[in-house]
Amino acid sequence: MRISRFFMPVLRDAPSEAEIVSHRLMLRAGMIRQSSSGIYSWLPMGLKVLNNISQIVREEQDKAGAVELLMPTIQSADLWRESERYEAYGAEMLRIKDRHGREMLYGPTNEELITTLFRDGAHSYRDVPCTLYHVQWKFRDEIRPRFGVMRGREFLMKDAYSFDLTKEDAKKSFNRMFVAYLRTFERLGLTAIPMQAETGPIGGDLSYEFIILAKTGESEVFCHKDLLDLKAPENVNYDSDLEPVMAPWLEKYAATEDVHDADRFASEVPRDKQISARGIEVGQVFLFGDKYNEPMKCAVQGPDGKLTTLQSGSYGIGVSRLVGAIIEASHDEAGIIWPQSIAPFKIGLLNLKVGDKDTDAACESLYEQLQSMGQTVLYDDSKERAGGKFKTMDLIGLPWQIIAGPRSVKAGKVELKNRASGEATELGLDEVINFFVTKSTDSPSTGTGRKSTES
Ligand code: 5CA
């Protein structure tokens, strides 16, 4: 993508309405714009990240055996009367009337709708286990929308719902999602700790929130320090017993303030391992059995021929909140530092002297070659001054910068800079191409590594 043809309205100054760094940086980097309180447009740069996160979420859901579908944003009020949540949900629900006066609502979550879909489509014990998910916009009329996309009114959620014949099987489906979440957050470059949590309006008696620690987090959390060092399991066999895989997380204390037990915390966790901090909830899993299936009559014929009410859980990930959460966890003074896995482009190519024949030719050639290799490149071919280009690139946080100025190009070289470490290396034009062919692109393959000089 050429910057000259892109739409990335970057702001030089921090907007006054933004209280936390991720909100400031998302506005400054031209990723989002507020359209009304808690409701945002996703500009091209923001949408790319949102899509990349969704993609990783989907891949891990699919690996865990969940099946994607898509339910609408608008639902009928009658559906929610069946589960008796229509009134109970309160003012957070956006209620709408259509032209016939029928009561509708903008879905804050989808337990009711998925339950009717599954009830109408599944008849026999052979139709379970089944876990269905979608990635869809939700609306909750939050009292205090704030921190940009972190607590929006309209927000993108991945929500999954499991259906099983027995409680034991439902727990197995729950475990599959639990492990899928560990893997998902690790791939997003985050350390998310599953913590015991209250079930709130979703209900049930078993729930974990997946929390990343951050000063700007909205909830107070308590946990054992060693949980921060655990690595998500790789090559999971989702058909096997997952309890041993989950054990390292479950055997150490971790709880949100709602269910925190100060005495247990003090007795179970050595003083120097006690973490009491703030956290951002990026996902939550619930096991609620027949809470919706019973009133909504979601049942199948069991192997014994008897009608059996199904057992369920639901599993949410805050996809749009994650964009902010990842920035909270990964930035510096100059701007965002995207993890490779979700970066909107992998490489930023800076032409420091547009109009200079040799520099233009070198940049065009690199741009073409890198793209034909499947790399995503944002090419700064604008007329802006070099200083401004450096600032913008650091602000938008692409993992790699290739800096081409007339001086280095004359010597057949460009500079390759790693955004995270700031390390820069001079490489020949072919070397830079080779670097992206051969390397897993964690650090420059050659050179001594020093701070950028072209600036
Ligand atoms: N039905 C269940 C799970 S599918 C559910 O709705 N769970 S939830 O209420 O915990 O929401 C799931 C995730 O959505 C949360 O963990 C959080 O990351 C995200 N989320 C919730 N409310 C908001 C909001 N107002 N703005 C942004 N993200 C939100």
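(A) Spotlight on the packing of aromatic side chains. Applying the stated criterion across every chain yields a total of 18 aromatic pairs. Taking 5.2 Å as the distance between ring centres and 45 degrees as the angle between the ring planes, the aromatic pair formed by Tyr367 and Tyr379 counts as tilted. One end of the pair, Tyr367, is in helix H9 (residues 357–372); the other, Tyr379, is in strand E20 (residues 377–380), and twelve residues separate them in sequence. Accessibility assignment for this pair places Tyr367 and Tyr379 in one class, buried. Taking the centre distance of 4.9 Å and the plane angle of 80 degrees together, the rings of Phe435 and Phe436 count as edge-to-face. Across this residue pair, the class does not change: Phe435 and Phe436 are buried. Taken together, Phe174, Phe178, Tyr181, Phe185, Tyr208, Phe210 and Tyr315 form an aromatic cluster joined through their ring pairs. Lying over the aromatic face of Tyr86, Arg95 brings its terminal NZ or CZ to 4.6 Å of the ring centre.

(B) Focus on the site of the ligand. Surveying the vicinity of the ligand reveals 22 residues, the closest of which are Thr109, Glu111, Arg140, Glu142 and Glu281. Here a nitrogen atom of the ligand and a backbone polar atom of Gly152 are 2.8 Å apart. At 3.1 Å, a side-chain N or O of Gln284 approaches an oxygen atom of the ligand. Alone, the ligand offers 610 Å² of accessible surface; in the complex the protein occludes 96% of this. Mapped onto the shell around the ligand, the elements with two or more residues apiece are strand E8 (154–164), strand E13 (274–289) and strand E16 (311–318). No other element matches the five residues that E13 contributes to the shell around the ligand. Looking at the shell around the ligand, its residues break down into eight nonpolar, seven polar and seven charged.

(C) Highlighting the domain arrangement of the chain. Per the domain assignment, the segments of the chain are domain 1 (31–329) and domain 2 (341–446). On a C-alpha basis, the centroid separation for the pair domain 1 and domain 2 is 39 Å. The junction of domain 1 with domain 2 conceals about 650 Å² of combined surface from both sides, 77% of it contributed by carbon and sulfur atoms. Per-residue buried area on domain 1 facing domain 2 is highest for Met45, Lys48 and Asn52; these three make up 60% of the total on that side. The interface formed by domain 1 and domain 2 includes zero salt bridges. For the pair domain 1 and domain 2, the number of links is three residue pairs in polar contact (both at pLDDT 80 or more). With six residues, the top contributor of residues to the side of domain 1 that touches domain 2 is helix H2 (residues 44–63).

(D) Representation of helix H12 (residues 429–438) within the structure. Within H12 the residues assigned to the buried category are Val432, Ile433, Phe435 and Phe436. Each buried residue of H12 lies within a common arc of 150 degrees when the element is viewed along its axis, so the set occupies one face. Exposed side chains of H12 directed beyond 90 degrees from the buried face belong to Asp430, Val437 and Thr438. Tucked inside the fold, the buried residues of H12 contact strand E19 (347–351), H9, strand E21 (400–404), strand E22 (413–418) and strand E23 (423–428).

What counts and what doesn't
Numbering of residues starts from 1 in each chain and follows the order in which that chain's sequence is written. Residue-level local features of this predicted model are given only where pLDDT is at least 70; pairs of side-chain atoms are given and counted only at 80 or more, and the full residue set underlies all totals for whole chains, interfaces and linings. With hydrogens and water excluded, all non-hydrogen atoms of the structure serve as input to the side-chain values. Note on aromatic pairs: the rings of Phe, Tyr and Trp (six-membered ring only in Trp) are paired at centre separations within 6.5 Å, and the planes decide the class, stacked below 30 degrees, edge-to-face beyond 60, tilted for the rest. To qualify as a helix, a DSSP run of H or I must reach at least 4 residues; to qualify as a strand, a run of E must reach at least 2; elements of each kind are numbered from the N terminus. Only protein chains enter the accessibility calculation, which uses a 1.4 Å probe; a residue is then buried when its area is under 20% of its type maximum, exposed when over 50%, and partly exposed in between. For a lysine, the NZ atom is tested; for an arginine, the CZ atom; a charge sits over a ring if that atom is within 6 Å of the ring centre and within 35 degrees of the ring normal. Whether a residue is near a molecule or strand depends on its heavy atoms: if one lies within 4 Å, it is near. Two N or O atoms form a polar contact when they lie within 3.5 Å of each other; inside protein one atom must be a possible hydrogen donor and the other a possible acceptor, and for residues adjacent in sequence the pair counts only when both atoms belong to side chains. Per-residue and other accessible areas were derived by the Shrake-Rupley procedure at a 1.4 Å probe size, with only the shown protein chains allowed to occlude residues. Residues were grouped as follows: Ala, Val, Leu, Ile, Met, Phe, Trp, Tyr, Cys and Pro as nonpolar; Asp, Glu, Lys and Arg as charged; and all remaining residues, including Gly, as polar. Residue ranges labeled as domains rest on an automatic or database domain assignment. A 1.4 Å probe defines the accessible area here, and the buried area is the portion of it lost by two parts on being joined, summed over both. We count a salt bridge whenever a side-chain nitrogen from Lys or Arg sits within 4 Å of a carboxyl oxygen from Asp or Glu. It is the directions from the helix axis to the C-beta atoms whose arc is reported. In what follows, a contact means two residues having at least one pair of non-hydrogen atoms within 4.5 Å.

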